[in-house]
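Listed here are the chains, written in short residue letters.
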Amino acid sequence: MQKTLVILKPSAIQRGLVGEVISRFEKKGLQLIGMKMIYLTDEILEEHYAHLKDKPFFQRIKESMKVSPVIVLALKGVDAVEVVRKMAGITNGREAQPGTIRGDYSMSVQENIVHASDSPETAQTELERFFSTTELFNYPQLMHPNIYAND
Ligand code: IDP
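Cut-offs and rules
- Within each chain, residue numbers correspond to sequence positions counted from 1 in written order.
- Residues qualify for local features only when their pLDDT is at least 70, as the model is predicted, and side-chain atom pairs are given and counted only at 80 or more; totals for whole chains, interfaces and linings, by contrast, use all residues.
- Calculated side-chain values reflect all of the structure's heavy atoms, with hydrogen atoms and water omitted.
- Salt bridges are identified by distance alone: a Lys or Arg side-chain nitrogen within 4 Å of an Asp or Glu carboxyl oxygen.
- A helix here means a DSSP run of H or I that spans at least four residues, while a strand means a run of E at least two residues long, and both kinds are numbered starting from the N terminus.
- Burial classes: relative accessible area under 20% of the type maximum marks a residue as buried, over 50% as exposed, and values in between as partly exposed (1.4 Å probe, protein chains only).
- Residue contacts are counted whenever heavy atoms from the two residues lie within 4.5 Å of one another.
- Definition of nearness: a residue and a molecule or strand are near each other if at least one heavy atom of the residue lies within 4 Å of the molecule or strand.
- We call two N or O atoms a polar contact when they sit within 3.5 Å, provided that within protein one can donate a hydrogen and the other can accept it, with sequence-adjacent residues counted only if both atoms are side-chain atoms.
- Here the Shrake-Rupley method, with its probe set to 1.4 Å, supplies the accessible areas, and only the displayed protein chains count as covering residues.
- Polar here means any residue outside two lists: the nonpolar Ala, Val, Leu, Ile, Met, Phe, Trp, Tyr, Cys and Pro, and the charged Asp, Glu, Lys and Arg; Gly therefore counts as polar.
- The predictor reports its confidence for every residue as pLDDT, a score running from 0 up to 100.

This paragraph deals with the pattern of salt bridges. For the structure on display, the rule yields eight salt bridges. K66 is the partner of D42 in a salt bridge, and the nearest nitrogen-oxygen pair spans 2.9 Å. With D42 in helix α3 (residues 42-48) and K66 in the loop between α4 (58-64) and β3 (70-77), the pair connects residues that are 24 residues apart, well separated along the chain. A salt bridge links K62 to E46, with the shortest nitrogen-to-oxygen separation between them at 2.5 Å. Within this pair, whereas K62 is found in helix α4, its partner E46 is found in helix α3, the two being separated by 16 residues in sequence. You can call E46 partly exposed: its relative accessible area is 37%.

This is the structure we're talking about:
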């Protein structure tokens, strides 16, 4: 079992896609183990997007992530990190495969609806960045046998 972090970016909130996107994760069989609405700060964005800090568009990304609150989700499932990355699609919404979240809802590199952790190690760091231990829930997924059979 893996846990992963998703951020529904301001582009999802502003365009009324929150329910649509969360619904995809639920229908897929991922277990929702944490969710909250927060404002991101420069401090947290500089940590979260540290790998982009020297890019010319860094300031723009930070501004766009603060346009409205975001929703952070913690999802759990077998291979959850890779499954959720695939569901998100590649960074540029115009190039992302139809059927993916970015491929279906985004026409932009920057305004691409969701963030999803890119490795199990990153997922752990990012979950700790956005959730305290009491905000992450451990409860049985009653449909587990129907979702996974004997995998
Ligand atoms: P990822 O979100 O697909 O993992 P990263 O390279 O980690 O992609 O970039 C983080 C976010 O920064 C992207 O989701 C996108 O919103 C933004 N971004 C990345 N590259 C560009 C760019 O060239 N122009 C504007 N925004 C960008």
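We now examine the environment of I90. Within the secondary structure, I90 is located in the loop between α5 (80-88) and α6 (101-105). You can call I90 partly exposed: its relative accessible area is 48%. Sequence-wise, I90 and V109 are 19 residues apart; in three dimensions their C-alpha atoms are separated by 9.2 Å. For I90, the contacting residues outside a window of four places in its chain are E95, A96 and R102.

Around the ligand, the neighbouring residues are K9, Y49, H51, L52, F57, I61, R85, T91, R102, V109, Q110 and N112. Here an oxygen atom of the ligand and a side-chain polar atom of R85 are 2.9 Å apart. Coverage of the ligand by the protein chains reaches 79% of its 530 Å² of free accessible surface. Class assignment of the residues belonging to the shell around the ligand gives a composition of five nonpolar, four polar and three charged.

Time to look at the side chain of N92. With respect to the helices and strands, the residue N92 is situated in the loop between α5 and α6. What makes N92 buried here is its relative accessible area of 13%. Residues contacting N92, with those up to four places away along its chain left out, are S108 and V109.

Summary statistics for the protein give a mean pLDDT of 97 and a share of 100% for residues scoring 70 or more. Predicted as a complex, the structure gets a pTM of 0.97 and an ipTM equal to 0.98.

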